[in-house]
Amino acid sequence: MKKHKALKIIGIIVAAFVLYVVLVPLPKETYITEAQARQKAEAYLKQEVAANPGKNDETNVYRNWNQNSKLGETIKLYDLRDDVAYYNFHVTTDGKGTGFVRVCSNRKYDFVDGHSDNDTAADAIARMSIGRVLTPQDHAYNGGAAPYFFAMKNPDGTYTVSRRENQKAKTISSAEFWANCKLYVATWVPLETLMDPNK
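Right, let's walk through the structure included here. (Residues numbered from 1 in each chain as written. Predicted model: local features only at pLDDT ≥ 70, side-chain atom pairs only at ≥ 80, totals over all residues. Heavy atoms only, no water.)

For the rest of this paragraph, the subject is the overall build of the chain. Scanning the chain from terminus to terminus reveals four helices and eight strands. Starting at the N terminus, the α and β elements of the chain follow one another as α-α-β-β-β-β-α-β-β-β-β-α. Classification of the 199 residues of the chain by burial places 43% in the buried group. In the chain, the proportion of contacts linking residues at least 24 apart, taken out of those at least 6 apart, comes to 47%. Of the roughly 11400 Å² that the chain leaves accessible, carbon and sulfur atoms contribute 57%. (Helix = DSSP H or I, 4+ residues; strand = E, 2+ residues; numbered from the N terminus. Buried < 20%, exposed > 50% of the residue type's maximum accessible area, 1.4 Å probe, protein only. Contact = heavy atoms within 4.5 Å. Areas by Shrake-Rupley, 256 points an atom, 1.4 Å probe, with all protein chains shown as cover.)

In structure tokens form, the structure reads like this:
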């Protein structure tokens, strides 16, 4: 019984720490720019092409990339402070879409990954929720936002959201969006750490 309670407390502490890291405002110099992210993505793409020549088997996630592979448009994913969390770069090879390279914007994590076969997770989620992939004009949130499976801010200030996988998205007001986000994280972080345009 004591062990179970201790594990539960540790789980709560870990979850609170993760939410703190994700939601507490960071100085702007903590983030890399889109140009810096593109440089990292280009270096990653070049490195993987050089490291995997001729490896065309199913275990090679970079098999569709070659010397003709290049980065395409940038899709930005935001956190709840409206800072860019990730830059996703579509990759094309000989004019055909061949996956993505994803770069974390937070200097602290220095995370870059990619795949030559699949859409980004964000594009796959968008396709399930709104029937299309994301475009550079979209203001989508990384991994959804708090209680949402998919969340995207619209130019008119409303939000397009879905709560579950394969659920058609619906449009809600900014007030409803932020109320749901606050309700979801209220027990973990101070509410003022959320960027709320309704204040």
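Having seen it, we continue.
The next point concerns the pattern of salt bridges. Two side chains with opposite charge may pair up if their charged atoms get near one another. Under the defined criterion, the tally for this structure stands at seven salt bridges. Where arginine 81 meets aspartate 83, a salt bridge forms, and the shortest distance between an N and an O atom there is 3.4 Å. By relative accessible area, which is 9% here, aspartate 83 ends up buried. If you follow the salt bridges from partner to partner, you end up with Asp79, Arg81 and Asp83 in one network. (Salt bridge = Lys/Arg side-chain N within 4 Å of Asp/Glu carboxyl O.)

This next bit is on the packing of aromatic side chains. Each aromatic ring pair is described using two quantities: the centre-to-centre distance and the angle formed by the ring planes. One pass over the structure, following the stated rule, counts eight aromatic pairs. Seen from their ring centres, tyrosine 86 and phenylalanine 111 are 6.4 Å apart, and the 85° between their planes marks the pair as edge-to-face. Of this pair, tyrosine 86 sits in strand β2 (residues 84–93) while phenylalanine 111 sits in the loop between β3 (96–104) and β4 (112–115), placing them 25 residues apart in sequence. With relative accessibility at 18%, the residue tyrosine 86 sits in the buried group. The interplanar angle of 85° and the centroid separation of 5.1 Å between the aromatic rings of phenylalanine 177 and tryptophan 178 together place this pair among those described as edge-to-face. Looking at tryptophan 178, the relative accessible area reads 1%, which means it is buried. Directly above the aromatic system of tyrosine 86 lies the positively charged group of arginine 102, at a separation of 5.4 Å from the ring centroid. (Phe/Tyr/Trp six-rings, centres within 6.5 Å; stacked < 30°, edge-to-face > 60°. Lys NZ or Arg CZ within 6 Å of the ring centre and 35° of its normal.)

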